[in-house]
Amino acid sequence: MHSGGVHVQEKIKQEIREMKLGEKVRGLRQEQRLTLQALADVTGLSKPLLSQIENDQVTPPIATLLKIAKGLKVGIHYFFEESNERQKFVLTRGEQSVGTQRRPGKDSVQGYLYKPLAPGMRQKKVEPFLVEFEQRAWDQSLFYSHEGVEFLYLLEGELEFHYADQVMRLLPGDSIYYESSEPHGYVSVGEVRARAVAVLYTKG
């Protein structure tokens, strides 16, 4: 059992490396001649956290990545696209999603794992993700807010969705479309981890 867990962790680490999020952040920051401190100032994120993200020690939650994207004046799609020729479509097979969710760093209170569903497409207006939510007690630290709108469609499990001061229970087949500038967060409350397709739109 233990060795299997280690294998999964290694696979997740490999997946994180393949995304090259840290490399993309650092490359763009250096291109713009910004120091880590300057990026920390414009994003409101701490210098140590940005350093951990650039070194791929921490996978940033989507809201954090949005702050970085805004600070570097790019859309969030920049981090989930390839630099090759522009594609007209990208097909992502369901079986490819097994075991490829990204785990946050140990010190992160993220509450979910995410996998981009349209990697490779450039200049996307919307960013779709497969999201798996952790089974844990609700905590105020799981609230996120960022500009834009989101659409979430629950595939399996039971999700407790917190939106400002409201709490909603979502079941498979339920969906919600909301302004993401309001604080929002989620936890799995059923017997299995809730999984959903989330589509994020931000001007960028």
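Along each chain, numbering runs from 1 in the same order as the chain's sequence is written. With pLDDT at 70 or above as the cut-off, local features in this predicted model cover only qualifying residues; side-chain atom pairs require 80 or more to be listed or tallied, and sums for whole chains, interfaces and linings still use all residues. The side-chain quantities take in all heavy atoms of the structure and omit both hydrogens and water.

Colleague: What is the right way to look at the overall build of the protein chain in this model?
Modeller: Strands are runs of DSSP state E lasting at least two residues, helices are runs of H or I lasting at least four, and both sets are numbered from the N terminus onward. Looking only at helices and strands, one finds 5 helices and 8 strands in the protein chain. Ordered by position from the N terminus, the helices and strands of the protein chain form the series α-α-α-α-α-β-β-β-β-β-β-β-β. The rule is simple: take the accessible area with a 1.4 Å probe, protein chains only, and divide by the maximum for that residue type; under 20% is buried, over 50% is exposed, in between is partly exposed. Within the protein chain, buried positions represent 43% of all 204 residues. Contact criterion: two residues are considered in contact whenever any of their non-hydrogen atoms come within 4.5 Å of each other. In the protein chain, the proportion of contacts linking residues at least 24 apart, taken out of those at least 6 apart, comes to 69%. Accessible surface is estimated by sampling points in the Shrake-Rupley manner with a 1.4 Å probe; for residues, cover comes only from the protein chains shown. Element-wise, carbon and sulfur atoms account for 51% of the exposed surface of the protein chain, whose accessible area totals about 11300 Å².

Colleague: Just checking my understanding: could you explain the sheet that holds strand β4 (residues 159-163) for this structure?
Modeller: Following DSSP output, two strands are said to pair if at least two bridges run between them. Strand order in this open sheet of 3 strands is β5-β4-β7, and the pairing throughout is antiparallel. For this open sheet the edge positions go to β5 (166-170) and β7 (184-188), each flanked by a neighbour on one side alone. Adjacent strand axes in the sheet meet at a mean angle of 20 degrees when their direction is disregarded. Each axis is a line fitted through C-alpha atoms, and for a helix only the stretch in contact is used; angles between axes span 0 to 180 degrees, taken between their N-to-C directions.

Colleague: Would you mind showing me how to read the pattern of salt bridges here?
Modeller: Here the idea is simple: oppositely charged side chains can pair when their charged atoms come close. One side-chain nitrogen of Lys or Arg within 4 Å of one carboxyl oxygen of Asp or Glu is enough to make a salt bridge. For the coordinates displayed, the defined rule picks out 9 salt bridges. Close ionic contact of K124 with E127 constitutes a salt bridge, the shortest N to O distance being 3.6 Å. Neither K124 nor E127 differs from the other in exposure class; each is buried. Across the pair E158 and R169 runs a salt bridge, and its minimum N-O distance is 3.0 Å. Of this pair, E158 sits in the loop between β3 (149-156) and β4 while R169 is found in strand β5, placing the two residues 11 residues apart along the sequence. Through salt bridges with shared partners, one network takes in E132, E156, R193 and R195.

Colleague: How do you make sense of unusual backbone geometry when you look at a structure like this?
Modeller: A negative phi angle characterises most non-glycine residues, just as the trans form characterises most peptide bonds. Positive phi, normally seen in glycine, also occurs at D56, with a value near 55 degrees. Residue placement: D56 occurs in the loop between α4 (47-54) and α5 (62-71). For D56, a relative accessible area of 26% corresponds to the partly exposed category. Positive phi values are uncommon outside glycine, yet K73 reaches one of about 60 degrees. With respect to the helices and strands, K73 occurs in the loop between α5 and β1 (112-116).

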